[in-house]
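Chain and residue survey
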Amino acid sequence: MTFLQPFLLFALPLIGLPVLIHLVNQNRHRTVHWGATMFLVQAKRMARGMARLRYLLILVSRMLAIAGLIFAISRPMTGGWLGLTAGGAPETTLVLLDRSVSMEAHDPSTRRSKRETALQKLSELIQNTGRNTELVLFDSVSLTHRTVRSPADLLELPQTGPSDTAADIPGLLQQATEYIDGNETGRTDVWICSDLRKSDWDASGGRWEVIRRQLEQREGLRMYLLSYSDEIEDNLAVSVSGVHRRETSDGAELLMDIRVNRNADSGLAANVPLSVVIDGARSALNISVSGSEFVRNGHAIAIDRESTSGWGRIELPEDSNPADNIYRFVYAESPVQKTVVVSDTAGSGEYLRLAAGTTSDRSQLAEAKLLTPDQVELIDWKQTALLIWQAPLPENQVSGQLREFVESGRCVIFFPPEIPTSKELYGCRWTAWKSNDVPLKINRWRTETGLLSNTGSGMPLPLGELNFYRHCGLESVRVNVLGSLDGGDSLLLRAFSDRGAVYYCTSLPGTRNSTFIDNGVVFYVMIQRALARGTAALGNAQHLDCGTLGEFEGNNWQPLDDLSERVLVSARSSRAGLYSIDHTRYALNRPLSEDSSQIITDETVASLFHGLDFTRLDDSAGSTSALASEVWRMFLVLMIVALMAESLLCLPDRRTGSGKTNAVADFVSTR
Amino acid sequence: MRHFIEPNVVSRLSGLALDARMPMAGSVSGRHRSLTRGSSLEFSEYRNYVPGDDTRRLDWRAWGRSDRFYIKEFEADTNLRLCLVMDVSGSMAYGSRGSQQEGATKLDYARFLCGTLAYLVAGQGDAVGLSCAGADFRLEIPPRRNAAHLKHILDEMSKLKAEGETGLSEALHAVAEKVSQRALIVIVSDLFTDTDALRKAFQHLRFRRHDVAVFHLLEQNEIEFEFDRPIRFVDLEGAPPMLVDPTTMARQYRNAVQTWLEDVTQIVRNTAVDYHRVSIHEHYAEVLARFLLARKK
């Protein structure tokens, strides 16, 4: 409980006033010489029970009345959750806002989303309780902090608005931890507003341990989780993949895989009218969704033969989350998926070339070239989508060219050379080869993201079947480990880069090194995923996830449809839209991980914050109950009740009066 | 005269003699009915003559009319033994409105009552004795009927002090045993003692055929218990002091007093004691006048 006028609590010792008066009264007694002591003894014996209790109750009532008055004028605040605001207002309040797509799910009656509800409640709470607190906002889109002048601004700032991105909650917490450490925030309240999506929380990631350890060292830190984990029913999410143009005998057609997810499987089939907009022309497509998912692969839509490039969207009718009702796509003639393998080992290089040069999609053209480190000048940096580097890390000019290659959005995978050198690139350096007497297995890997993530149908890759006989040591800083071997060494990691992707794999294909080739699925999928990522940066039709662009990257883009025109220029990196620049078209959509309605369990949440001063508050979208409100009326009522009780207890006993009258009357009549 | 015998009261009450409620067994002739037949003017009965009777008591007129001898008998008049029992326990030092000043206490009131009564009784030729009831103090002056004895009693009465615990029951038992002939026992006390012991003492007195009268002295505050602030009550009879908040136990106190008064009333009713509950705020002359008038034959 906190108080708006806390200095008035210094008057609390006045609660003892009735006791003090009682004691003073006792000491101010007068002495009477008394003859009828026998009656005093009897009366005292009789008064030991109820009368003493009554007197004690009177004292307690008086104390309660004073306490009620003091508490009432101190203007206490409390919430529906006991102890929510206990301990007084903090010096700093950090708000960590999950702005992911799933937070846009709203209550049908109030039409207020989870994000809006959380902001509204936090704003009211801070306005009422923490008037002198410094309010700092961390949002999941920018992952940076911003000082907020007034709690009411939380509702107005563009940084608290909706977005079509995913959220990185551990990343948010890391930023908050750095802020706390760097700014000496004193007593700090950290409010995390999130819907606990599994994909956003990455509960199995290694960052949580570090975050928890850092936060445990901070004194005066309280963590609050304002959770909106309840699932809004009847929500559908549409997505499209594999859009490509194909010429037919009649003209041309667009092929695409359409997927509609339903968050609750009611067992009943639902007819859903989809709208398909291609280059501004709208058509209808009725589907029947039974179960939790509808998939239509290779859905063909006829287009003009002359339309070699264009854009489109698929739209769902309005439901409880408008943010996942539209999916945008662009199309153009497919580029050739070019891979360059630079290898100092002929055998391994060939395996790598084969994996990259064999495409699974017949409509795509793939091409892979094997070069030795001496032939680096032959690399076509502009047309290559994926560079596989199995040689000593490049230096000087080649190193610069490679960085530019990555910065343009394409992909590099480094494999260990036969003779490692001390050269460092992207924070990583090869050390020495390690031979394993007992073949090592992969013991941990990231299933939700990266090259080893689960398949689109949710199936995990058969990583458990792989054996590793030899791997190369790797020193690394600021990396994201995607898979690690028994013993803790990394197998696959992603180095930090602003754009593009840089991967390091510490083992090679080949019987001497691993069973990558024997169980070729993992190896092939890994290479193809990297190739697909690199190819996405090439060509004239690019599909990007919101949140993956730099802040100002889309400033010069031209919107392709009316919906994209409404998006603020500054918000283009975080909002879905269709854009073009030069001859390249971009479709920005929400990350598909947001379509998964899986949330982390209560036990997981508890374990993530174990050891911290942590309070979880479960709320729901559209809820109107306040997190905290003034409760001085309750104390005023308490005071009135206490005063009434005191008056009742002090009323003269009717039997006492009549007893006295009888005694005196008897006395008079007898004499 | 002592200060507790006021001439105006004595002169006012001198016309009211103290009468016994039952026949007395005095040693000399007096104004009170005797247990035996005597030579007073009050005719009692006739009986047949038996040889040896005094022939002077033959009713000759009856012999003349009936030719039989009848002896004419008359009531005997005898004197009264008055035994005053004064309670001199500490509680008798409590006075009007709590005052302990001389002249205002219950003991002073008892002195006025007993002194005046002794004076009146001695004046009508009856014997007066005095006993004092205190745990640590015991005074016993047997009833006698001469003037010097009255002076002695009044002297002793003026010296009495209220202190210590009560010994009323023991004193009454002693009186019952030591006053061998019928007497009027007048008890002046606040009766702050155990009611069972009091009952037994009264029964003892009545068993010995004594006429018992009680002046029950009470101060109004002792009954009403009108206090509003914490008070340290110091017991006049020596018990440890008690710090009491009267507001928390006034009801219980009054209930205890009520119960006690009812018990006392029951005891005096069962033992046929002439009971007078007296407020010490009332003038003793009124109390005595009421007492004497009530005993008129």
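Cut-offs and rules
- Residues numbered from 1 in each chain as written.
- Chains lettered and ligands numbered in written order.
- Predicted model: local features only at pLDDT ≥ 70, side-chain atom pairs only at ≥ 80, totals over all residues.
- Helix = DSSP H or I, 4+ residues; strand = E, 2+ residues; numbered from the N terminus.
- Buried ≥ 20, exposed ≤ 12 C-beta atoms within 10 Å, placed from the backbone.
- Contact = placed C-beta atoms within 7 Å.
- Nonpolar A, V, L, I, M, F, W, Y, C, P; charged D, E, K, R; others polar.
- Pairing = 2+ DSSP bridges.
- Arc of directions from axis to C-beta.
- Expected span 1.5 Å × (residues − 1).
- Right-handed = clockwise from strand over helix to strand, strands pointing away.
- Axes fitted to C-alpha atoms, helices over the stretch in contact; angles between N-to-C directions.

**Some remarks on the overall build of chain B**
- The number of helices and strands found in chain B is 9 helices and 10 strands.
- When burial is assessed residue by residue, chain B has 44% of its 297 residues classed as buried.
- For chain B, restricting intrachain contacts to residue pairs at least 6 apart in sequence, the fraction spanning at least 24 positions comes to 77%.

**A short note on the interface of chain B and chain A**
- Contacts between chain B and chain A engage 42 residues on the former and 34 residues on the latter.
- Per-element accounting of the side of chain B that touches chain A gives the leading share, 13 residues, to helix α8 (residues 246–270) of chain B.
- When grouped by side-chain class, the residues that make up the side of chain B that touches chain A number 21 nonpolar, 10 polar and 11 charged.
- Both strand β2 (residues 30–34) of chain A and strand β8 (residues 231–235) of chain B contribute to a ladder of 5 bridges, which runs parallel. Paired with Trp 34 of chain A across the two strands is Asp 235 of chain B, which belongs to β8 of chain B.

**Looking at helix α5 (residues 168–178) of chain B**
Residue and element names in this part refer to chain B.
- Among the residues of α5, those classed as buried are Leu 168, Ser 169, Ala 171, Leu 172, Val 175 and Ala 176. Down the axis of α5, the smallest arc covering the buried residues is 160 degrees, so these residues share one side.
- Against the buried residues of α5 lie β3 (81–87), β4 (127–133), β5 (138–144), β6 (184–189) and α6 (195–207).

**A word on α6 of chain B**
All names here are of chain B.
- The first and last C-alpha atoms of α6 sit 18 Å apart over 13 residues, in line with the 18 Å expected at 1.5 Å per residue.
- When we look at burial in α6, the residues that qualify are Leu 198, Ala 201, Phe 202 and Leu 205. Taken end-on, α6 shows its buried residues confined to a sector of 95 degrees, consistent with a single buried face. Seen from the buried face of α6, the exposed residues on the opposite side, beyond 90 degrees, are Asp 196 and Phe 207.
- Residues of α6 that are buried make contact with α5, β6, β7 (211–218) and α8.

**Remarks on the pairing of β6 of chain B**
Residue and element names in this part refer to chain B.
- Buried residues dominate β6, accounting for 6 of its 6 residues.
- The pairing of β3 with β6 spans 5 bridges and is classified as parallel. Looking across to β6, one finds that Met 86 is bridged to Val 188.
- By the bridge criterion, 6 bridges tie β6 to β7 in an arrangement that is parallel. Bridge pairing links Ile 187 to Val 214 in β7.
- Remark: the β6/α6/β7 crossover connection has right-handed handedness.

**Side note on the sheet that holds β7 of chain B**
Residues and elements named next belong to chain B.
- In space, the 6 strands of this open sheet follow the order β5-β4-β3-β6-β7-β10, with mixed pairing throughout. Every other strand in the sheet has two partners, leaving β5 and β10 (274–279) as the edge strands with one partner each. The sheet shows a mean angle of 15 degrees between the axes of neighbouring strands, direction not considered.
- Pairing of β3 with β4 involves 7 bridges; the strand directions are parallel. For Leu 82, the partnering residue across the bridge sits in β4 and is Val 128.

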